[in-house]
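Residue-level structure breakdown
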Amino acid sequence: AKESGMYEQLGQARTLEKWQTDFNATNIFNFGQVRTQLGLGYTNDNYDERDTTAIVGGTPTTVSLISYDYHAYTWLTGIGVHATPQLEFYGKYLGEKRSYDERRTYTVRYGAFKGRPFEIREFTENTLEAGVNYEFAGPNEISLEADFVRRKDNFENFYGFDQRQYRASVRLYPGARHKTTVTFRFKNKDYDNYW
C-alpha cells in the first residue's frame, strides 16, 4: 500500500541511462599575427529507458515512452588577428545539425494524435561570434563579444529562435595567487514561430 501511494503521488517515474559518444577534431594554425581554426564534430546520445513506470488503471506498470535519442554533426571555423601584441580581434562561425531519432513533431493544425501528419524533429543552428581582447599591465584583460544565433526547426519551426548576446568581461590578476573576473552579459531570445 505504501508503494502504491508513492507511485500515485509521483504519477510517472523515468529511469534514464545514457550512452554518449563524442568525436571532435580541431585544427589551429598560427602564422605571424593570424590564428585560424577549423573543426568538425559528431555526437550520439543514446538514452536507455527500459525502466519506465506509470500508473495505468491505478496499478504501477512499465510503459514505453518516446525516446530522447539524438545525433548531431557540428562544424566551426574561426580567425583571430593580433593588431598589436596586446590587441586581438576575432570572429567565429559555429554550426550544428541535430536529429532526434524518435521524437515526433506534429502539425499545429492537427495536433498530436495517432495517424496525424508528423516528422522526426530536426534543427539546424548557426552561430556567429565577433569579439576583441585587450591585455594590459601584464596578464590583465578586457574583452567584448557579440553573438548572433539562429535555430531553424525542420517542421513548422516550432522551436526555432533568433538570439542576440552581448558580453563584456574584465579579468584582473592583482597577485600571483589572485584573480578577479567581472562579467556583464545581455541576452535576448525571440521565438517568432513558437506555437
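For the structure given in this document, a descriptive report is provided here. These numbers were taken from a predicted model, which means no experiment stands behind them.

Section: the overall build of the protein
If you tally the helices and strands in the protein, you get 1 helix and 9 strands. The helix and strand sequence of the protein, counted from the amino end, reads α-β-β-β-β-β-β-β-β-β. Scored against the burial criterion, the 195 residues of the protein give a buried share of 28%. Taking contacts inside the protein between residues at least 6 apart in sequence as the whole, the part at least 24 apart equals 55%. Surface exposure of the protein reaches about 13300 Å², of which carbon and sulfur atoms provide 54%.

Some words on the packing of aromatic side chains
Applying the stated criterion to the full structure yields 7 aromatic pairs. Here the aromatic rings of Tyr42 and Tyr73 are separated by 5.2 Å at their centres, their planes lie at 50 degrees, and the arrangement is tilted. Separated by 31 residues along the polypeptide, Tyr42 in strand β2 (residues 34–56) and Tyr73 in strand β4 (residues 70–82) bring together distant segments of the chain. For the pair Tyr70 and Tyr100, a centre-to-centre distance of 5.4 Å together with 55 degrees between the ring planes defines the contact as tilted. A residue pair is termed long-range when its members are at least 10 positions apart, and Tyr70 in strand β4 and Tyr100 in strand β5 (residues 87–106) qualify at 30 residues.

Some remarks on the side chain of Arg151
Within the secondary structure, Arg151 sits in strand β7 (residues 140–153). Ignoring anything within four residues of it in the chain, the contact list for Arg151 reads Arg121, Phe123, Thr124, Glu125, Asn157, Tyr159, Gly160 and Phe161.

Some details on the pairing of β4
Relative to β5, β4 runs antiparallel, the two sharing 13 bridges. Bridging across to β5, Leu76 finds its partner in Leu94.

Notes on the side chain of Asp147
By the element assignment, Asp147 lies in strand β7. Despite its burial, Asp147 pairs with no opposite charge; the closest candidate is Arg167, at 4.1 Å N-O. Dropping the residues within four chain positions of it, Asp147 is found in contact with Leu128, Glu129, Gln163, Arg164, Gln165 and Arg167.

Cut-off values and rules
Residues numbered from 1 in each chain as written. Predicted model: local features only at pLDDT ≥ 70, side-chain atom pairs only at ≥ 80, totals over all residues. Heavy atoms only, no water. Helix = DSSP H or I, 4+ residues; strand = E, 2+ residues; numbered from the N terminus. Buried < 20%, exposed > 50% of the residue type's maximum accessible area, 1.4 Å probe, protein only. Contact = heavy atoms within 4.5 Å. Areas by Shrake-Rupley, 256 points an atom, 1.4 Å probe, with all protein chains shown as cover. Phe/Tyr/Trp six-rings, centres within 6.5 Å; stacked < 30°, edge-to-face > 60°. Pairing = 2+ DSSP bridges. Lys, Arg positive; Asp, Glu negative; His and termini not counted. Salt bridge = Lys/Arg side-chain N within 4 Å of Asp/Glu carboxyl O.

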